Structure formats: C-alpha cells, structure tokens
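Listed below, chain by chain, are the residues.
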Amino acid sequence: MLVPLSWLRDYVAVDVPVEELADRLSISVAGVERIIQRGVPDLDGNLGLYRVGRVVQCEKHPNADRLQLCSVDVGEGEPRQIVCGAWNFGAGATVAVALPGAVLPDGRRLERAKLRGTVSDGMILSEQELELGTDHSGILVLAEPWDPGTPLGDVLPLGDTVIELETTPNRPDLLAVYGVGREVAALYDVELSPPPGAEPERAGDEPVDLTIEDFEGCPRYIGRLFRDVSMGESPPWLKARLAAAGMRSISNVVDVTNYVMHALGNPLHVFDFDTLAGGKIIVRRARKGEEFTSLDGVQRKLDQADLVIADAERAVAFAGIMGGLDTEVREETRNVLLEAANFEPLTILQSSERHSLRTEGSNRWEKGVDPYLAPVAATYATELIVELSGARWTGDLDVKGELPEPPEVPFRPERANRLLGLEIDPAAQLRTLEKLGFTPEGGSVRVPTWRMRDVTREADLVEEVGRFHLSEVPFTTARGEAGLLTRDQRFRRLVEEVLAGAGMSEAYTPTLVAEDPAPDAIRLPEPLSTDQAVLRTTLLNGLVDSARRNVDAGNESIALFEIARVYLPSGEPKPDEHWHLGAITEGGFFRAKGILETLYGALHVDLRPEPAQRPFLHPGKAARIDAGWLGELHPARLEGEWGVFELDLGELFTEVPERLVYEDVITYPALRQDLAFVVDEQVLAGALVEAAREAAGPELRDMRVFDVYRGGQISKGKKSIAFSVVFQSSERTLSDEDARELRERIVKTLAEHFGAELRA
C-alpha cells in the first residue's frame, strides 16, 4: 500500500519527520517497506528554479525540423530562449519551466546548453519529467492563466514523500489512505477529519433499473446515473496523486474511481450507460456457457459460480474484479452509471483464482470491505465526477439485503493490564479504542464496521490497546528455561559458522522459480506470475542467478551459500520438504572441494567423493558424495571457473557421530614416506586409501593424495597416484623395520585388490 504523505495529511494533521512516522507505523500498525521521494527534490533553492512560464513566441528551429525555438516569459522582464521538442502548444500557452541549475526528479542538474547550434536557457517540462504522470508525448500545458514567474510549487504538486506499507490480510481498512490516517490519528492523539466527500445538488430524479438476484454474493449495490459527462484528462493534482499511489491516469471519470478506492478502500466501477442493454443492471451468477470480454481484451468463459454484473442481455463485468470491454467508458461516452457495491469476499477470491485474474479491486474485496462504506465512496465519487467532468447527477438507487450489525464485545481494562503486563489507565485504554472507531458501551465495546471480521473477542481488543503502548513494555529476562535447539538446528548453525569462516556469504533466493530441471517438479495450478510458477527442487539455479548478478555488478571473490528447503514430489498434495545446503564460489572445483573438506572436518565426517556425470557440471570435474554432489559449473551456465556443491543436510547429519571419543596426544615420533601406485583409470583414490587402512591398521595415521599422473611411461588406460603416508604408534617408537613391514602389507593388499603396481 503506497501512502503519499500529502494525501495522508488531508485527513490527519501530523507534522513529524517521516522517519519517525515510519518507525511508529512499523511498531504499531504495519511494516514499512521503504520511504520513496517522488518528484522535484526539495533542495535548498531548487524549488525556486521551477516557475510558471508564458510562451511569447514559437518558431521552427533553424537547424532541426523536429525542434521548436520558443521565447518564454518566466517573470524576469526579458523572456528566455528555450529549445523544445514538443509541438502540442503555441504562443500564449501557460507552461511549466525549469531554469538552469534546477535538479530534475531523475537527479540530473539542468544546465544552459546548445542544441543544434542554438542556446536553450531552460526546459519546458512534460508531466512525466515532473513525475506527475506518464505522458511525455507533449509538454504540460496549464489550464489556468497563471502569472509568469509564479513558483511552480504554488500551482502543481511538485514533490511528495510516499510510505510503502506491507499490510496483512486481516486489515483491509489499511488499504486506504483514510484508514491509515485513522491509525496515525490514534498514534499521535490528534483529530481525524471526517471522511471526504459531500453530495452535490441532484439535477434530476431518473429511475435506475437495478436488481440483485444474489444477496449472498452482493449484499449491497448502489447505482448512480450521470448525464452530459465531458470525458477528458484529469487535472495535474489528481494525476500526481495516482502516480504516487502506483496507478496510471486513464481519464477523468475512471481516475475518480481509482482515486476514491485508494482514498477510502471501496473499489468502484463506471459503465457507459448507453451500452447497457435495456439500461438495466442485474447482479447474478453466470449462466451455463456464458462468456464475456473483459477490459484486458480477453474473452473469458464464465463458471456458474462466478458473480457477474449483467444488463438485460448478457454479462458485462466480473463483479468486483474487472469490467467488460463492451461497456467501458470512452472518449465519446456522455452518460455514465457509477457502481458502488459490496461483494462477499470468498466469492471474489474463488473467481479471481479460477480465472487467474487479480486486480486492485479483487485484492480488497477478497479481504473483506466494510459493507457500510459503499455510500461514503459513492458520495465522494459523485462530488468529483460532477466537479471534474461537468456531469449532471440525475439518478440514484441503493439496494441492499440484510447487512451485518457491528458486534458488541466485552472489555475489561483490568483484564487487559493483566494480559499485557502493564499498568495502563482504563480511561487511556478506552480513549485509544475510541480513536480507532470503537464505541465503549458500559462493560463492552461496539466494534466499528470496518473491523468486524478482525475483532471478535476480548483478546482482540486487548491487542488493539497493547499495540499502542509497546514502547512502555520493559526489557526483562524471560523466566523459566529457554527452549533448546534440536540436533539438526544446532548442526545447521554450525554449518553456517563454518562456511562464513571459510569466506562465504549467505544468500537467500526465491522458493518459487520459473522452471526447474526436475521433470516432475511441482507446478502451481494458479501461479502468481510466470516467474513464480514452480516449487524448486534444487538451490543451484537461484545461486547461479545471484552469482551472475554479482558479476554484472562488478563484485569480486564471489562465494555464496544458502541453507533452505527444497520441495520434492511425494505423490501427495503436500510435497516432500528437505533442508539443502547449496554453494557457489569462484575458483573452480578445488576451491569448492577445499570448503567441503573444511565443513566435513568440522562435522567429523569423512568426505568420499566419487566421479559422476551431471549435465550442469564440467565433464571430468564432477563428483558424487553420500549427501549430494560436488563439481565445477559448466561454463555454458556461467562464464568462468565456478565451484558448486549441494547437499541434503538431513542425510549429511545422519553421518555425524553422536559422540566424539577423546584420544591422548601421541608423543612418539611419526615416520613419513611417499608411495606411488599405477592402477587402472577407473580405480578411485579413496578406495585405495580405505584398503590401505584396513591392511595397515591404526598405525597408518594418515594417507593423502598429492599427485595424479598420466602419460609418459604410464600405459594408456592407467594412471599413477602418489600418496603421502604417515606411520605412527600410540605405544612405542616405530623402527624402520616396522615401517617396511607396514609398507609391504599395503603394497600386497593393493596389488591383490586392484592390481596396483608400486612405482616408488
């Protein structure tokens, strides 16, 4: 939810730093995602360089067919010469001008410049350049004849600060600037203005033919008829508000519906009245086999469970989701029917999911809009439509079924204090509730209609009080025993510490991906987008994408790991979830293998890689290990040498010993020798080491590969593997004869089992 501060301050007079307001909202109302600065930067002297200009003269640029050479009066006595590429204005037009030195919304500083050999001493601005809208096809022509030199900030909303809130599904009232204003008024104990809007004078009493066939799906429907509508552009202030709220301007009448929805939270819709067969509106369920074309141009086959708005002949709109193409208001529209209704949440949610169609309206309806809000929204929209389009309001009808009564919930301030662990004055508790729209009635509280779905019991009221007194909660140590981590949780933390110590950074990548290499990966039946359609079965793809972004950003020494769940098909509706560790690092196979050796050593598990083939790994640099795989990423996936591995942590942790047995430090000296064996190409070094340990027993303390050689005197199909061997006894000093005997046992065993020939 985007909340422009200028809009918020229309309803609540709060003048505090935006950072402070954001902090208090985050603590007591909803999380603040970010603070956005829009429009012209409010720098020292910058706003003074934006002025109203009057075009004195226009002529074609002498050196460019597509440019105009304009003389513009900006209130300095002598006009300024400005080169402009737009042609939608002429002499006498009132325009917006930025003078040299001005900092533009995109951060550029405007300089006096030469364009095709002619000096341009400023810029005539479009609405896009001021971030008032998206139109950049022509410059912004001001409707009123403002005096040249008037500060542009006195005429247009040049800049605004926008707070982006992350609202929760149980708070649809926060999907409205006025709803956020109510919370701010309670936070700062200031007055909240009455809801905006005042009924204009009626210009007729035409009947509105309106029928609700399904009061369960549509408890209320208000239809208002307007004649002699003049369709056109919205004024700059309205375009700016919509742009700041993340919506694009379409036309004055349509913009009013979006503006009122964002202001109050009740979605609205407008029909071209002359396109409604029989001039009727019928709210009903779709007929079998019924179709209609929605505003996005898609012909949709309706389900009989879909709630629709129909005329005398066919469905013309998805109730609460999207209107129809045949009845949309256009430039030639002269008569408009306004819809201000209330729809049952589950019906809208199911239709939205069934047709994979989510809109600003459906997002609000599926969370539950106040059924008593429709007439307030209708009043405000009526005022703005009449004001901005010159329309005559000639017809009105409000049809409603049995609307729910606001519940009355018992409330005991002393009980609230016990639950919260605070001592809050009962009068202060009730005052907080009253600021939020609750009405104390003896020993209970009447819940406002916009919170009926959310507040249903005394504990909910206690929560309402408590969230406004969180700053008073003392810092104390919890009593009793703290919860203990499980074995797997302790090991996961150890893995994080080891990898961070190895120089890696932790990454977080999306659970939902566009595609997955597993052919049976679980695909969502109704994905939010094509980029979030499949539950991942591997962490590799997300880590490769993260590494690529770091490369593109110019970062060096990239080493990333992630510990997260993957989702494997189980044959059941619920997937089989596994904790995986994935990693990617510059430096290729041996860098990744070194990190794994460090990790396995910390867990006291033997690392036994075996050659393997995987399509995404470099041929000859891929290995299988008990809990997963290790290798070098195929260069087709990412340019450069990248070591990668992925482990199933559940499988890895089963290999971790339950307890470690202490061994005394051996004080007797060690004997070191090098042994090299010629073996068949397919023989693994790890297999040789295991056989040697079995042959020599505990006095073989260590045996490590330090060289692998092929070619030369080594026959084709063979390889030479050289080992560094350490002999040591915990009971005595080994003699050369002891070492010779151990060596011979190893040579004999490897020859018998693998046909190994001793080279040295």
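Each chain carries its own residue numbering, running from 1 in the direction its sequence is written. The predicted origin of the model limits local features to residues at a pLDDT of at least 70 and limits the giving and counting of side-chain atom pairs to 80 or more, whereas totals for whole chains, interfaces and linings rest on all residues. Excluding hydrogens and water, the side-chain values take into account all heavy atoms of the structure.

K.L.:
How would you explain the nonpolar core if you had to name every residue and give the values?
P.N.:
Most often, soluble globular proteins have nonpolar side chains that are buried together. Counting 106 residues, the largest nonpolar core has Tyr 221 and Ile 309 as its most contacted members. With residues up to four places along the chain from it excluded, the contact list for Ile 309 reads Tyr 221, Phe 271, Ile 281, Ile 282, Val 283, Ala 315, Val 316, Ala 317, Ala 319, Glu 339 and Phe 343. Ala 559, Phe 589, Leu 599 and Val 656 belong to the second-largest nonpolar core, a separate cluster that totals 27 residues. Only buried residues count toward a nonpolar core, which is a set of Ala, Val, Leu, Ile, Met, Phe, Trp, Tyr and Cys residues joined through side-chain atoms within 4.5 Å. Burial classification: accessible surface area is computed with a 1.4 Å probe over protein chains only, and a residue below 20% of its type maximum counts as buried, one above 50% as exposed, and the rest as partly exposed. The contact rule is simple, with two residues in contact once any of their heavy atoms fall within 4.5 Å.

K.L.:
An account of helix α17 (residues 736–754) is requested, with residue identities and associated values reported.
P.N.:
If you check α17, its first and last C-alpha atoms are 26 Å apart, about what 19 residues at 1.5 Å a residue would give, namely 27 Å. If you follow the buried residues of α17, they end up packed against β34 (671–680), α16 (685–696), β35 (700–709) and β36 (718–727). Working definition: helices are DSSP H or I runs of at least four residues, strands are E runs of at least two. Numbering for both runs from the N terminus. The span expected for a helix works out to 1.5 Å for each residue beyond the first.

K.L.:
Could you give an account of the pattern of salt bridges, with specific residues and numbers?
P.N.:
The working definition used for a salt bridge is a side-chain nitrogen of Lys or Arg within 4 Å of a carboxyl oxygen of Asp or Glu. Scanning all chains against the criterion turns up 56 salt bridges. Between Arg 446 and Glu 441 there is a salt bridge; the shortest N-O distance is 3.5 Å. A salt bridge links Glu 562 to Arg 536; its shortest N-O distance comes to 3.6 Å. Linking Glu 562 in strand β28 (residues 559–568) with Arg 536 in the loop between β27 (534–535) and α13 (540–552), this pair joins segments that are 26 residues apart in sequence. With respect to burial, Glu 562 and Arg 536 carry one shared label: buried. Where salt bridges share partners, they join Arg 171, Asp 173, Glu 183, Arg 451, Asp 454, Glu 464 and Arg 467 into one cluster.

K.L.:
Please provide a residue-by-residue account of α16, values included.
P.N.:
A rise of 1.5 Å per residue sets the reference length of α16, with its 12 residues, at 16 Å; its end C-alpha atoms lie 16 Å apart and thus fit the reference within 8%. Phi for Gly 697, located one or two positions after α16, is positive at around 80°.

K.L.:
Give a detailed account of the pairing of strand β13 (residues 268–272), specifying residues and quantitative values.
P.N.:
With 5 of 5 residues buried, β13 lies mostly within the body of the structure. Neither face of β13 is open: one carries Leu 268, Val 270 and Asp 272, the other His 269 and Phe 271, and all of them are buried. Two strands qualify as a pair provided that DSSP identifies no fewer than 2 bridges between them. Here β13 pairs with strand β20 (residues 336–342) via 5 bridges, running antiparallel. Note on β20: the bridge partner recorded for Phe 271 is Leu 337.

K.L.:
Can you lay out the sheet that holds strand β14 (residues 280–285) for me, pointing to particular residues and giving the numbers?
P.N.:
One open sheet holds the 5 strands; their spatial order is β11-β14-β17-β18-β19, and the pairing between them is mixed. With one partner strand each, in any of the chains shown, β11 (209–212) and β19 (322–323) form the two edges of the open sheet. For β11 and β14, the ladder comprises 4 bridges, and the chain directions are parallel. Residue Leu 210 lies in a different strand from β14, and its bridge partner there is Ile 281.

K.L.:
An account of the pairing of β36 is requested, with residue identities and associated values reported.
P.N.:
Taking burial as the measure, the 10 residues of β36 include 8 buried ones, the bulk of the element. Where β34 meets β36, 10 bridges bridge the pair, whose relative direction is antiparallel. Bridging from a neighbouring strand, Val 678 pairs with Ser 720 of β36. In this sheet, β36 lies alongside β35 in antiparallel orientation, the contact comprising 8 bridges. Within β36, the position partnered with Val 708 by the bridge is Ile 721.

K.L.:
Give a detailed account of the packing of aromatic side chains, specifying residues and quantitative values.
P.N.:
Note on ring pairs: Phe, Tyr and Trp rings are taken, using the six-membered ring of Trp, and paired if centres are within 6.5 Å. Classes follow the plane angle, with under 30 degrees stacked, over 60 edge-to-face and the rest tilted. Taken as a whole and assessed by the stated rule, the structure comprises 10 aromatic pairs. Both rings, one in Trp 237 and one in Tyr 259, keep their centres 5.6 Å apart while their planes meet at 85°; by these two values the pair is edge-to-face. Taken together, the residues span a long stretch of sequence, with Trp 237 in helix α4 (residues 236–244) and Tyr 259 in helix α5 (residues 252–264) at a distance of 22 residues. Tyr 259 sits in the buried class, given a relative accessible area of 3%. Both rings, one in Phe 491 and one in Phe 653, keep their centres 5.2 Å apart while their planes meet at 50°; by these two values the pair is tilted.

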